[in-house]
Amino acid sequence: MAAGTDKGTPLDVARELFDREFSDVAHERLLAVHAPARSEISGNHTDHEGGHVIAGALNVAIDGVAAPNGTDRVRVASAGYPTFEIALDSLEEREDEHVTTAGLVRGMAACMARTGRTPAGFDLAMTSDIPSGGGLSSSAAVEAALGRVMEALWKGPEVNPVELAKMGQFAENRYFGKPCGLMDQAAVCLGGLAFMDFEDAGEPRTAKLELDFDAAGYALCLVDVGCDHAPFTADYAAVPVEMQQVAREFGHERLCEVDPAEFDRRLPELREKLGDRAILRAIHYWRENELVDKRWDALTSGDIDRFLELTRESGASSAMFLQNVSTGGSFQPAMLALGLAERILDGLGATRIHGGGFGGSIQCFVPLDMVEDFTDQMNAWLGEGACVHYQIAEKGAHAEWL
């Protein structure tokens, strides 16, 4: 629920939900938590291969309030969903909690316990204005929100944004049961517009840039293609699997460790053994990684036209080589959305698949004088609210006492 509605700010909504769901306990001071969504600006499926990414936190988020409840149980209320609770007596992964928020709670608690903290029960009420299933990483925002609450409520050392991001990735991979790189969680935790180098998976290198796309003359628009990407989890999972199959042919785990010249030399052999798609996805990785660096240089130098030119190249690589736009057959929601956006922009701005792909959303950089017409037309074709104009949010996931 967005700020400024007749129901108040997101924090107001979360407090009302908290009071309604947890009135059986006399809570003292409340903790407020905020965790933004993210947009992948550059670097489509490069993070899990030790590559480079540019991502930005967005001005939609999960907001919540929390307080200790004096028990060994965590109770969670989310606007629009049934309230649930988990016991903290066991922090082992549970298969029956895969793809559930309960799994994320248990996973983040397990990670926080490794920092020397003693888990204790608390109540948490959350509300969100992050579109569900649109590829804006609402799960990473939930993980970051849970982490910041646990960090504040359970005594222990400060957790920096990158460490928190790694906890979120672990919880999502193991306790939620979804394969993902570190980019989503890092963007949510860092905030702002950030460059990330994942070659050292334990200590990724990051840099931040203050940039307002609107001030540069273009609106960052994300368009929901009308198809949740969840049904395509298997297709998403196949991308890193196939890339890493190539890497293992050279005795490595990730493509960042493979010499592209050696890849070229052995290409016929690799093609025969692994098939064409794995080869194409490796080609995309090296091409996209180079494009990330060039786009970061363009942004830091203020060359928005060069950034857009390179973004169009990135979009083409994802469609042709990575192949995470088409779902096959007659059902082509992401490719259709890209085609419709290109039809309106007619060579201006830039479009590309966003995030994991297949479903979810596409990303469009739209000239400011076209935003209203672009939004109206995309909404007319794909449904009201499909196209949203976002801004970069400078603050990452954080919690503070009220």
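Below is a summary of the structure that appears in this document. These figures come from a predicted structure and were not determined experimentally. (Residues numbered from 1 in each chain as written. Predicted model: local features only at pLDDT ≥ 70, side-chain atom pairs only at ≥ 80, totals over all residues. Heavy atoms only, no water.)

Here's the deal with the sheet that holds strand S11 (residues 387-390)
Alright, step 1. Read across the sheet, four strands follow the order S9-S10-S8-S11 without closing on themselves; strand pairing throughout is antiparallel. For this open sheet the edge positions go to strand S9 (350-354) and S11, each flanked by a neighbour on one side alone. Adjacent strand axes in the sheet meet at a mean angle of 25° when their direction is disregarded.
Alright, step 2. Here strand S8 (residues 218-224) pairs with strand S10 (residues 361-367) via seven bridges, running antiparallel. Bridge assignment links Val223 to a residue of S10, and that residue is Ile362. (Pairing = 2+ DSSP bridges. Helix = DSSP H or I, 4+ residues; strand = E, 2+ residues; numbered from the N terminus. Axes fitted to C-alpha atoms, helices over the stretch in contact; angles between N-to-C directions.)

Regarding the packing of aromatic side chains
Alright, step 1. With the rule as written, the count across this model stands at nine aromatic pairs.
Alright, step 2. Look at Phe18 and Phe22: their rings are 5.2 Å apart centre to centre, the planes differ by 70°, and that puts the pair in the edge-to-face class. As far as the burial class goes, Phe18 and Phe22 line up, both buried.
Alright, step 3. In textbook terms, an aromatic cluster arises when at least three aromatic residues are bridged by ring pairs, as seen for Phe213, Phe307 and Phe365.
Alright, step 4. Directly above the ring of Tyr236 sits Lys178, whose terminal nitrogen or CZ lies 5.7 Å from the centroid.
Alright, step 5. Taking the ring centre of Phe250 as reference, the NZ or CZ of Arg266 above it sits at 4.6 Å. (Phe/Tyr/Trp six-rings, centres within 6.5 Å; stacked < 30°, edge-to-face > 60°. Buried < 20%, exposed > 50% of the residue type's maximum accessible area, 1.4 Å probe, protein only. Lys NZ or Arg CZ within 6 Å of the ring centre and 35° of its normal.)

Structural notes on a negative patch on the surface
Alright, step 1. Residues Asp369, Glu372, Asp373, Asp376 and Glu384 make up a contiguous surface patch of negative charge.
Alright, step 2. Relative to the helices and strands, Asp376 resides in helix H12 (residues 371-382). (Patch = residues over 30% accessible without salt bridge, like charges linked within 9 Å, V, L, I, M, F, W, Y side chains within 5 Å. Areas by Shrake-Rupley, 256 points an atom, 1.4 Å probe, with all protein chains shown as cover. Salt bridge = Lys/Arg side-chain N within 4 Å of Asp/Glu carboxyl O. Lys, Arg positive; Asp, Glu negative; His and termini not counted. Charge placed at Lys NZ, Arg CZ, Asp CG, Glu CD.)

Concerning the environment of Lys273
Alright, step 1. Here Lys273 lies in helix H8 (residues 267-274).
Alright, step 2. With relative accessibility at 56%, the residue Lys273 sits in the exposed group.
Alright, step 3. Between the C-alpha atom of Lys273 and that of Ala186, which follows or precedes it by 87 residues, the distance is 35 Å.

As for the packing of helix H4 (residues 161-176) against helix H5 (residues 183-190)
Alright, step 1. Two numbers describe how H4 lies on H5: the axes approach to 8 Å, and their chain directions differ by 140°. Between H4 and H5, the angle falls in the class oblique. Judged by the sense of rotation from one axis to the other, the crossing of H4 with H5 is right-handed. Judged by residue contacts, Pro161, Leu164, Ala165, Gly168, Gln169 and Glu172 of H4 engage Gln185, Ala186, Cys189 and Leu190 from H5.
Alright, step 2. Along the lines of polarity and charge, the residues of the contact of H4 with H5 split into six nonpolar, three polar and one charged. (Parallel < 35°, antiparallel > 145°, perpendicular 65-115°, else oblique. Left-handed = near helix turned anticlockwise from the far one by under 90°. Contact = heavy atoms within 4.5 Å. Nonpolar A, V, L, I, M, F, W, Y, C, P; charged D, E, K, R; others polar.)

So, the pattern of salt bridges
When the charged atoms of two side chains with opposite charge come close together, those side chains can pair.
Alright, step 1. One pass over the full model with this rule turns up 27 salt bridges.
Alright, step 2. When the shortest N-O distance is used, the salt bridge between Glu40 and Arg352 registers 2.5 Å. You can see Glu40 sitting in strand S1 (residues 31-42) and its partner Arg352 sitting in strand S9, a full 312 residues away along the chain. Of the two residues, Glu40 and Arg352, neither departs from the other in class, the shared state being buried.
Alright, step 3. Arg254 serves as the salt-bridge partner of Glu257, at 3.7 Å between the closest nitrogen and oxygen.
Alright, step 4. Look at Arg254 and you get buried, because its relative accessible area is 17%.
Alright, step 5. In this structure, a network of salt bridges that share partners links the residues Glu40, Glu288, Arg295 and Arg352.

Concerning the nonpolar core
Alright, step 1. If you look at the biggest cluster of nonpolar residues, it comprises 77 residues, and the most contacted ones within it are Leu58, Met150, Leu193, Met196, Phe213, Phe307 and Phe365.
Alright, step 2. At nine residues, helix H3 (residues 138-153) tops the list of elements feeding residues into this core.
Alright, step 3. Not counting residues within four places of it along the chain, the set of residues in contact with Leu193 comprises Ile41, Ile54, Ala55, Gly56, Ala207, Lys208, Leu209, Leu211, Phe213, Trp296, Leu299 and Ile392.
Alright, step 4. Formed by 38 residues, the second largest nonpolar core is a distinct cluster that contains Leu322, Val325, Val366 and Met378. (Core = buried A, V, L, I, M, F, W, Y, C linked by side-chain atoms within 4.5 Å.)

Things to note about the pairing of S10
Alright, step 1. Here S10 lies mainly inside the structure; seven of its seven residues are buried.
Alright, step 2. Going residue by residue along S10, you find Ser361, Gln363, Phe365 and Pro367 tucked away on one face and Ile362, Cys364 and Val366 tucked away on the opposite face as well.
Alright, step 3. One ladder, built from five bridges, connects S9 with S10; its direction is antiparallel. Within S10, the residue paired with Thr351 across the bridge is Cys364.
Alright, step 4. Here S9 folds back onto S10, and the loop between the two strands holds six residues, one of which, Gly355, carries a positive phi near 70°.

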